[in-house]
Amino acid sequence: MTSRLNRRSFLKSSLAASTALALPIPAFAQDGVLNVALIVPSPAADVGWSHTLELGTKALEEKYGDKVKVTLLENIAEGPDADRIMNKTVAEGTNFLILGSFGYMNGGLKLAEQNPGLSILHASGYMVAPNFSPFGARYYQGTYLMGMAAASLSKTKKLGCVGAFAIPELITSINAWTLGAQSVDPSIEVSVVWVNSWFDPASEQEAAKALLAQGCDVIFSNAQDTPSVVAACEEAGAYVFNLNSSMKAYAPAKYLGVVGTDWAPYFIQSVEAHLAGSFAGASAWLSMADKCVFVADWNADIPADIVAKITEMEAAIESGAFSPFTGPITKQDGSEGVAAGVTLGDDMILSMDWHVKGVATPLPQ
Amino acid sequence: MNAIEFILAGMLAAATPMLLAALGELVVERTGVLNLGLEGMMALGAALGFITTYTYGSHLLGFGAAALGGAVLSLVFALVVLGFVANQVAAGLAIGILGTGLSSLFGKSFESLTITGLPKLALPLLSDVPVIGPTLFVQDIVVWLTLLFAVGLWAVLNHTKLGLMIRAVGENPHAARAIGFRVLTIRCLAIAFGGAMAGIAGAYASTVYTPLWADGMIAGRGWIALALVVFGTWQTGRIAFGAVLFGALSLGELVTQAGGVNIPSQILACVPYVVTILMLAVISSNRRRMRQNTVASLGQPFQP
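Keep in mind the model is a prediction, meaning the values are calculated, not measured.

A. Structural context of the overall build of chain B. If you tally the helices and strands in chain B, you get 13 helices and 2 strands. Since a compact globule built from 304 residues should have a radius of gyration of about 19 Å, the 19 Å found for chain B is in line with a globular shape. When its C-alpha atoms are laid out on the principal axes, chain B stretches across 60 × 50 × 40 Å. The buried share among the 304 residues of chain B stands at 52%. The long-range share in chain B, meaning contacts at least 24 apart out of those at least 6 apart in sequence, stands at 77%.

Right, dumping it as structure tokens:
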């Protein structure tokens, strides 16, 4: 809001300012207000991981209005710096903390131990404490559907993935993508290039071009926070999709779709529990059924019969009738990954360190 | 397009950001000053270059703003190390951190925006050669200008009076002063030149090579440029060779992975670094020539 400053409003605001100054510490100032802080490792841009978390906290503000005050602390490097900032924000009156990166775990845990009244949500971790809950998204549910779409559009029958690091979360996304593609066309092959960096737009773009040069014609931008891969694919005329938030604006013609995440329901539910005094630390691996993972912005080129199949499969995954990791699944080396009729349990998926058959690139050991 | 063609097509562009920054740093170090702030000056150049190009739609303006930004930041360094005779290593690191911070600050509202790069130009005649023609000889104009610039810099450093002055100041600043050279002025101009080149290098990365702005996108290329200068033993040709080799190898790493070769990607990721260092170490292994090329007063403060 911009308003012209005149003498009267200046006097009014300076009066307000002096009253505010008289109060001890701003964060403690208003009673009955829940101070929520979100700490993220990258700048909260218009797209990407940090952006989706920010949207989640915006939903909190919308729902609770003046009752919730959200502070965004962005671009905070993991490590001692993050610990210091966490401690400071808690000391200033924050009682609900959302940590947006794995590396904030140890500092967050210590803080949770010292402050029993504090509730913490921690992204992609595994440690649980009475007031400390790790959370993550089942991206693989969405990438399976993307695989179906990719297979229907691929002419070369070769798909490519630019991956950040070979960790289970990313491996499961690639495996589910491959399985989804094979459910439409069993001859599909998937190549993977690991950039071994969470953040190097130039290398990511070169990796995408390397895959395109090898004949891949649908690309999966696996965990890149910038439109590096998406923009390069649009330019080269190859279909591309990514995770978290839609990048359709960067690839109007060739955007396959997005496996999005909506953190609002989970954040609201957790804040509700905190306010009711019933917050209990638990691991939350959020799914389509939790309204966290969703697929959207489908490309209009996907054939109608595949769209129908995808919609059907989406409903089956959401209802729990189908899991992408239901046997028989063969591993890359030809051995049995999942026996026929068996569905992999969460702990097996969370620790997955093997590729399914059809992924051409060997997994780094 | 096969793997070789992919590498041929991309290696010059991949080398350009590092080469531009390294050529600037070469001049700085030849005068006896070590500026470790390359990464930060590149980051600042990348941010300013992107913002200007995005706002005014002109790459030329973008490069201009980046050069200016890099030069101004490096003059802060010059003030500290030449004016106050501070430790060059500490001052360079500080300037580097400052540059990275400024780039995040300026780039904040431009995060993850994209622009279009520069068109690729085919060199007449050469681009008709089979295989290497349509790949190696089709590059954007900055790549060609950078290579021309490298040749020009080599000529200036080795065959002109200006080059002699620069080298004399680096070899023995006291002797240079005794014969009437203004050591501090020459060093100051060299530092500003190095800053401008680092800025241009950053702008190439953010407006042509990967035409988008994202905080932290330089991702260590400034440090590689710095290493290239040392391992290239302060010789223009070797530095250019090292940069192109590094570019080719880093693309080779990606294309090897994409081709499904059974080597762990972590090992492949090390290859460009290891091979470039080995190659440059081997060609620089002649002790006598090494001594000849090392800048004698590098990193030592000068007080007239």
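B. View of the sheet that holds strand 2 (residues 68-73) of chain A. Residue and element names in this part refer to chain A. Judged by pairing direction, the sheet is parallel, and its 6 strands sit side by side in the order 2-1-3-4-5-11 without closing on themselves. Looking at strand neighbours, the two that pair on one side only are strand 2 and strand 11 (284-286), the edges of this open sheet. Sheet twist, expressed as the mean angle between neighbouring strand axes with direction ignored, is 20°. When strand 1 (residues 34-39) meets strand 3 (residues 96-99), the two strands line up parallel, connected through 4 bridges. When the bridges of strand 3 are listed, V36 appears paired with F96.

C. Focus on the nonpolar core. The biggest cluster of nonpolar side chains holds 194 residues, and the ones touching the most others in it are I219(A), V240(A) and A22(B). Two domains share this core, each providing at least three of its residues, namely domain 1 (22-137) and domain 2 (139-261 + 291-350) of chain A. Residues within four places of I219(A) in sequence aside, it is in contact with G160(A), V162(A), A208(A), L211(A), V229(A), C233(A), A238(A) and V240(A).

D. Structural context of unusual backbone geometry. The residue after G327(A), namely P328(A), is reached through a cis peptide bond having omega 0°. Within the fold, P328(A) resides in the loop between helix 11 (304-319) and strand 13 (329-330). Positive phi outside glycine occurs at K157(A), with the angle close to 65°. Along the chain, the position of K157(A) falls in the loop between helix 6 (139-153) and strand 6 (158-163). In this structure, V131(B) is a non-glycine residue whose phi angle is positive, near 60°. Looking at the element boundaries, V131(B) is found in the loop between strand 1 (120-122) and helix 5 (132-136).

E. Molecular detail of the interface of chain B and chain A. Each side of the interface is counted separately: chain B has 30 residues, and chain A has 34 residues. Contributing elements (two or more residues each) for the side of chain B that touches chain A: helix 1 (3-30), helix 9 (183-209), helix 11 (236-258) and helix 12 (265-283) of chain B. The dominant element in the side of chain B that touches chain A, judged by the number of residues it contributes, is helix 11 of chain B, at 5 residues. Residue classes in the side of chain B that touches chain A are distributed as 15 nonpolar, 12 polar and 3 charged.

F. Molecular detail of helix 10 (residues 264-276) of chain A. Residues and elements named next belong to chain A. If you check helix 10, its first and last C-alpha atoms are 18 Å apart, about what 13 residues at 1.5 Å a residue would give, namely 18 Å. Every buried residue of helix 10 is listed here: Y266, F267, S270 and V271. With its buried residues spanning 125° around the axis, helix 10 presents them on a single face. What points out from helix 10, more than 90 degrees from its buried face, is the exposed set Q269 and A276. With its phi angle positive at about 80°, G277 sits one or two positions after the end of helix 10.

G. View of the sheet that holds strand 7 (residues 189-194) of chain A. Residue and element names in this part refer to chain A. Within the open sheet, the 6 strands sit side by side as 7-6-8-9-10-12. Their pairing is mixed. Of all the strands in the sheet, the pair left with one neighbour each is strand 7 and strand 12 (293-296). For this sheet the average axis-to-axis angle between neighbouring strands, irrespective of direction, equals 20°. Bridging between strand 8 (residues 218-222) and strand 9 (residues 239-244) involves 4 bridges; their strand directions are parallel. Bridging from a neighbouring strand, V218 pairs with Y239 of strand 9. In the packing of helix 8 (residues 201-213) onto the sheet, the strands contacted are strand 6, strand 7 and strand 8, and the crossing angle to strand 6 comes to about 165°.

H. Region of the structure containing the confidence of the model for chain A. Overall, the predicted model of chain A reaches an average pLDDT of 89, with 91% of residues at or above 70. Of the regions scoring below 50 in pLDDT, residues 1-29 of chain A engages in 9 contacts with residues more than four places distant in sequence or in other chains.

I. Quick peek at the domain arrangement of chain A. Residues and elements named next belong to chain A. On domain assignment, one finds that chain A holds domain 1 (22-137) and domain 2 (139-261 + 291-350). A straight line from the C-alpha centre of domain 1 to that of domain 2 covers 31 Å. At the interface, 8 residues of domain 1 touch 11 residues of domain 2. Residue contributions to the side of domain 1 that touches domain 2 peak at 3 residues, all from helix 3 (residues 49-64).

J. View of the packing of helix 6 (residues 141-159) of chain B against helix 11 of chain B. All names here are of chain B. At a minimum axis distance of 9 Å, the contact between helix 6 and helix 11 shows a crossing angle of 155°. Judged by the inter-axis angle, helix 6 sits roughly antiparallel to helix 11. Here A150, L153, W154 and L157 of helix 6 come into contact with helix 11, specifically with T236, G237 and A240.

K. Broad picture of the environment of P364(A). Locating P364(A) in the fold gives a position in the segment after helix 12 (346-350). The sequence separation of P364(A) and E336(A) amounts to 28 residues, and the corresponding C-alpha distance is 20 Å. Here P364(A) is in contact with A166(A), W194(A), P264(B), S265(B) and Q266(B), once residues within four sequence places are set aside.

Each value, and the rule that gives it
- Residues numbered from 1 in each chain as written.
- Chains lettered and ligands numbered in written order.
- Predicted model: local features only at pLDDT ≥ 70, side-chain atom pairs only at ≥ 80, totals over all residues.
- Helix = DSSP H or I, 4+ residues; strand = E, 2+ residues; numbered from the N terminus.
- Rg over C-alpha atoms; globule rule 2.2 N^0.38 Å.
- Buried ≥ 20, exposed ≤ 12 C-beta atoms within 10 Å, placed from the backbone.
- Contact = placed C-beta atoms within 7 Å.
- Pairing = 2+ DSSP bridges.
- Axes fitted to C-alpha atoms, helices over the stretch in contact; angles between N-to-C directions.
- Core = buried A, V, L, I, M, F, W, Y, C linked by C-beta atoms within 7 Å.
- Domains from an automatic or database assignment.
- Nonpolar A, V, L, I, M, F, W, Y, C, P; charged D, E, K, R; others polar.
- Expected span 1.5 Å × (residues − 1).
- Arc of directions from axis to C-beta.
- pLDDT = per-residue confidence, 0-100.
- Parallel < 35°, antiparallel > 145°, perpendicular 65-115°, else oblique.

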